[in-house]
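# Structural overview for review
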Amino acid sequence: MATSSSISSSSADVAVPRCHCGMRSPMRTTWRCDYPGRRFYGCAACGGPNSCTFFECFDPVPPKRFVDVIRNLLEANESLSTNNHNMMMTNSELTAALRKTTKKAEELAADVDGMVASNVVLSEDLTTCVVSRRRLRSALVAVLPALIACVWLRVVNN
Ligand SMILES: [Zn+2]
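Because the structure is predicted, anything quoted here is derived from the model rather than measured.

### Some details on the UniProt feature "transmembrane region" (unreviewed entry) in the protein
Taken from the UniProt record, the annotation "transmembrane region" (unreviewed entry) applies to residues 136-155. Between the C-alpha atoms that bound residues 136-155 the distance is 27 Å, and the span itself is 100% helix and 0% strand.

Written out as structure tokens, the structure is:
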């Protein structure tokens, strides 16, 4: 929302009046009064502790239609500002949620990396076991005929 009044420069500087303080009065535009957008001259120290009460309208009283249009535009602007503020809040919340999710995803990725490393170790252990089993089987196959022969000889001798 616009401030209650704002200073503007214009070609009217040539005929700038002086306030009761003797200073050149800046032209201002008021937004919170019966005629929003109307320009006026006021004290250069307006709002300060030493400001005087000088006031002189620059613009004539505008038609009611203009005042209504300006008021509607000010209300629309206020509504847009509120919506913009809300969207900024939502954006801020979404950004925070995204940061949180990204951090969680990074933690999960680290866990997956750890599991992959463990899987590699387990795969190597499994390969070693398979090799050992094959060697044991080969050794057993090599010994088995002799073992059978021993058993057979023992049976025959008895
Ligand atoms: Zn003054």
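Following the structure, the description resumes.
### Some words on the pairing of strand S3 (residues 38-42)
Across four bridges, the pairing between strand S2 (residues 27-30) and S3 is antiparallel. Its bridge partner being in S3, Met-27 is matched across the sheet by Tyr-41. The sheet contact formed by S3 and strand S4 (residues 55-57) spans three bridges and is antiparallel. What sits directly across from Tyr-41, in S4, is Glu-56.

### Here's the deal with the environment of Lys-103
Mapped onto the secondary structure, Lys-103 falls in helix H1 (residues 64-157). Remark: the alpha-carbon pair of Lys-103 and Asn-158, spanning 55 residues in sequence, is separated by 78 Å.

### Here's the deal with H1
Here H1 spans 133 Å end to end across 94 residues, near enough to the 140 Å set by a 1.5 Å rise per residue. At Val-143, H1 shows its maximal kink, close to 35 degrees; a proline, Pro-145, follows between one and four residues later. Among the 94 residues that make up H1, zero are buried, leaving the element largely open to the surroundings.

### Describing the environment of Cys-52
Here Cys-52 shows up in the loop between S3 and S4. With 16 C-beta atoms counted inside 10 Å, the residue Cys-52 sits in the partly exposed group. Cys-52 sits 11 residues away from Tyr-41 along the chain, and the two C-alpha atoms are 12 Å apart. In this structure, Cys-52 is in contact with Cys-19, His-20, Cys-21 and Cys-43, ignoring residues within four places of it in sequence.

Cut-offs and rules
- Residues numbered from 1 in each chain as written.
- Predicted model: local features only at pLDDT ≥ 70, side-chain atom pairs only at ≥ 80, totals over all residues.
- UniProt positions renumbered as here; feature names shortened; annotations may be inferred.
- Helix = DSSP H or I, 4+ residues; strand = E, 2+ residues; numbered from the N terminus.
- Pairing = 2+ DSSP bridges.
- Expected span 1.5 Å × (residues − 1).
- Bend = angle between axes of the 7 residues up to and from the residue.
- Buried ≥ 20, exposed ≤ 12 C-beta atoms within 10 Å, placed from the backbone.
- Contact = placed C-beta atoms within 7 Å.

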